[in-house]
There are 2 protein chains.
Amino acid sequence: MRGFGVRFLRLFSRASTAVPQITTTPLTCCLHRRVWVCSLPFVYRRSVSSAAVSQHIQDLSGPEQRLLNKLYGGLISGQRASLAESITLVETQHPRKKELAQVLLQRVLAYQREQENQNGGKPVAFRVGLSGPPGAGKSSFIEVVGKMLTGRGHKVAVLAVDPSSCTTGGSLLGDKTRMTELSRDMNAFIRPSPTSGTLGGVTRTTNEAIVLCEGAGYDIILVETVGVGQSEFAVADMVDMFVLLIPPAGGDELQGIKRGIIERADLVVVTKSDGDLVVPARRIQSEYTSALKLLRRNSKSWNPEVVRASSHSSEGIPEAWAKMESFRNTVLTSGELQGRRRAQQKVWMWSLIQENVLCHFQNHPSVREALPRLEEQVTRGVISPGLAADLLLKAFSASS
Amino acid sequence: MRGFGVRFLRLFSRASTAVPQITTTPLTCCLHRRVWVCSLPFVYRRSVSSAAVSQHIQDLSGPEQRLLNKLYGGLISGQRASLAESITLVETQHPRKKELAQVLLQRVLAYQREQENQNGGKPVAFRVGLSGPPGAGKSSFIEVVGKMLTGRGHKVAVLAVDPSSCTTGGSLLGDKTRMTELSRDMNAFIRPSPTSGTLGGVTRTTNEAIVLCEGAGYDIILVETVGVGQSEFAVADMVDMFVLLIPPAGGDELQGIKRGIIERADLVVVTKSDGDLVVPARRIQSEYTSALKLLRRNSKSWNPEVVRASSHSSEGIPEAWAKMESFRNTVLTSGELQGRRRAQQKVWMWSLIQENVLCHFQNHPSVREALPRLEEQVTRGVISPGLAADLLLKAFSASS
């Protein structure tokens, strides 16, 4: 049983003639000290070539097979209920359901590749991340932009990344009620953030929810950050374009902007630019325009810009969207978008690995026993950080 | 033998009555895919309380004991040769010498704590990190500031962090020759960067070299970044104050500034502000002053400022140093400096752990076998990053 992972990986890593393997092994891992259980791997009845992996996930019971067929069929024909149920499956903590979710996801990924091939190798959907400090008016902006896009014939999905939802609560209902019009729109799909509270977990399920929405025919995916923590960076790492919304205010209000996030922005939108706020919005616009010149660029082919918009009067909204479309065309033509997506896939994989491996370390009995005292000694300067790290690593590798 | 690490950690983690342990176990670990070998742990002849750990590192042969006594005695009496030899010991790759280095370091840390206690619990030395894009004039600035400080009775140590030195070479000799005057000053100690090329390794030895310099009575430690990579962040994480040097140039020259590093600056110095360059230097000063207002502050008690200085005419140099002293007084009074140091100790420990654990993962035979194919499949979108991460983690935990 201990060697199974290796054999299974061989199945994945090369065209193999390995013997049939039918088993299900639970892998206990955790993200940010919260334990979740994922059960892996799927089951293969016969030898497979790596290219054909997704067609060979079998060993499903009759009801399971029917459930997946129903979900997949409903999803790719664009049924909202099937999409919602599929996302719930991806978000589940149940080991067997997690496996089913991966089977479904593999099928949707295969479908998506087909679609891309028909589209000349170019991604069909456009993924836009929207972030900003509390009070920047993210939900209002998404509501107005979303309505405009569905009016133009697009199908718009709105997903939220909220690593703090389990502790702060509230934001879920808040978003639902704030986007009243969009949530009633048949060409829009709004999915509040999952309530399983770790960043890694949410990042992963949001990533996978994006794939499912695209499978269901949504061609514009808006990913909104909600709450605090590292969600801005998580979102910037899963979208084609990262848009930062800034309210026309200065000083302390802007302290809510995460360190380093301004440099990730492909576009800055100064919100609430109407009435009395037009003047401060213009000032903020020129300040950010200057500041962006001093910061590093994300893209070789695109210079980040700062625009003003009002969700209230809709002034500047079509122009803001035009900038986003212009960004998309630029990076699609230069091939940067495709490169960015490829790089993101690897970043996600490695950040999931890093979190899990570090967590494995932190939960190791010897490490857990020694850590508090060593950490305290390091903080007091009694021993050097290097020595403490060596001692903990020693304990980890000695008995793992 | 496998349980030794655990038992040893128990010695560290609580007052214990453990039986004597005399052994030396090599721990093979690596940083950024480069393998280094550190030999751990030291040896205990009798039961120890954790508080008394540093006094109980014994089991040294006669010659080893004499070497350490000589180095320690020479170091704390301020002998440059002993300091240089001690830093070389800390930088060594030799397993037994690495142990000796840790024994020495524990003694110096104990000495440093005594000094701090006599100083009312406040750090005796001031650690300043200096960074900037290539051509910002870091070495010239350090030369002029260093000379000014030794003239005022300070003892100044200059250390370099250069993760790229092993590949680019050159910078070592370059620095030595550029700081001609300072290198001949008896109250200055210039140490070029170690040539062992990994970031983690260099960060660690630079950290430990800082402690040794302080033990030798140097009260101003200037840590300069050389070369590229993540060295700016490594330096910002090991100093009391982080100073960014910017040349009076715009656009492409400034692309050499690392993403996110401007927000780490406690002070920005626009260099070369003399002659024809005064005008562009003033412009850069005002641009950065505006930009800094939009970025997050590092400190609750200090607002980052932008000053101009010329290493050529020395204009603005005393004022720049006065700002640094003012920063130090502010954060010492508010207690932020002490808090920052405590936090840094933990950050160093965890970043060393993270690098090592991830490297342990990457070097695992099953992971190494499966990784290239899985990574390629993730990049092509054949399997999801989450599934690939799960499969790799499964292989890692199944056979580790």
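Residues numbered from 1 in each chain as written. Chains lettered and ligands numbered in written order. Predicted model: local features only at pLDDT ≥ 70, side-chain atom pairs only at ≥ 80, totals over all residues. Heavy atoms only, no water.

1. Section: the pairing of strand S4 (residues 156-161) of chain A
All names here are of chain A.
Okay, so step 1: In terms of burial, S4 is a largely internal element, 6 of the 6 residues being buried.
Okay, so step 2: With 4 bridges joining them, S4 and strand S5 (residues 188-191) adopt parallel strand pairing. Looking at the pairing, Ala 157 lines up with Phe 189 of S5.
Okay, so step 3: The pairing of S4 with strand S6 (residues 220-225) spans 6 bridges and is classified as parallel. Bridging across to S6, Val 156 finds its partner in Ile 220. (Buried < 20%, exposed > 50% of the residue type's maximum accessible area, 1.4 Å probe, protein only. Helix = DSSP H or I, 4+ residues; strand = E, 2+ residues; numbered from the N terminus. Pairing = 2+ DSSP bridges.)

2. Topic: the pattern of salt bridges
Pairing between side chains of opposite charge can happen when the charged atoms of each approach one another.
Okay, so step 1: Tallied over the full model, the rule gives 24 salt bridges over all chains.
Okay, so step 2: The salt bridge partner of Asp266(A) is Arg340(A), with a shortest N-O separation of 3.2 Å. Highlighted residues: Asp266(A) in the loop between strand S7 (241-246) and strand S8 (267-270) and Arg340(A) in helix H13 (residues 336-362), separated in sequence by 74 residues.
Okay, so step 3: Judged by relative accessible area, which is 1%, Asp266(A) ranks as buried.
Okay, so step 4: With a closest N to O distance of 2.8 Å, Arg264(B) and Asp237(B) form a salt bridge. Placement of the pair is Arg264(B) in the loop between strand S7 (241-246) and strand S8 (267-270) and Asp237(B) in the loop between helix H10 (231-236) and S7, with a sequence separation of 27 residues.
Okay, so step 5: Assessed through its relative accessible area of 24%, Asp237(B) is described here as partly exposed.
Okay, so step 6: Here the residues in one salt-bridge network are Glu64(A), Arg96(A) and Glu99(A), joined through shared partners. (Salt bridge = Lys/Arg side-chain N within 4 Å of Asp/Glu carboxyl O.)

3. Topic: the sheet that holds S8(B)
All names here are of chain B.
Okay, so step 1: With respect to topology, 7 strands assemble into an open sheet ordered S5-S4-S6-S3-S7-S8-S9, the strand pairing being parallel. Lying at the two open borders of the sheet, with one neighbouring strand each, are strand S5 (188-191) and strand S9 (305-308). On average, each strand axis in the sheet is inclined to that of its neighbour by 20 degrees, with strand direction left out of account. (Axes fitted to C-alpha atoms, helices over the stretch in contact; angles between N-to-C directions.)

4. Some thoughts on the environment of Val270(A)
Residues and elements named next belong to chain A.
Okay, so step 1: Turning to its location among the elements, Val 270 is positioned in strand S8.
Okay, so step 2: Of the residues examined, Val 270 reaches a relative accessible area of 0% and is grouped as buried.
Okay, so step 3: C-alpha of Val 270 to C-alpha of Lys 394: the two residues are 124 residues apart in sequence and 52 Å apart in space.
Okay, so step 4: What Val 270 contacts, discounting residues up to four positions off in sequence, is Ile 246, Pro 248, Ala 281, Ile 284, Gln 285, Val 306, Val 307, Arg 308 and Ala 309. (Contact = heavy atoms within 4.5 Å.)

5. Looking at the confidence of the model for chain A
Okay, so step 1: Averaged over all residues, the pLDDT of chain A is 77; the fraction at 70 or higher stands at 74%.
Okay, so step 2: Here residues 164-177 of chain A is modelled with pLDDT under 50, and outside its nearest four sequence neighbours on either side it reaches 20 contacts, counting other chains as well. (pLDDT = per-residue confidence, 0-100.)

6. Considerations on the pairing of S8(B)
Consecutive side chains along a regular strand alternate between the two faces of the sheet.
Residues and elements named next belong to chain B.
Okay, so step 1: Neither face of S8 is exposed, since Leu 267 and Val 269 on one face and Val 268 and Val 270 on the opposite face are all buried.
Okay, so step 2: Two elements, S7 and S8, share 4 bridges in a ladder whose sense is parallel. If you follow Leu 245 over to S8, its bridge partner there is Val 269.
Okay, so step 3: The sheet contact formed by S8 and S9 spans 4 bridges and is parallel. For Leu 267, the partnering residue across the bridge sits in S9 and is Glu 305.

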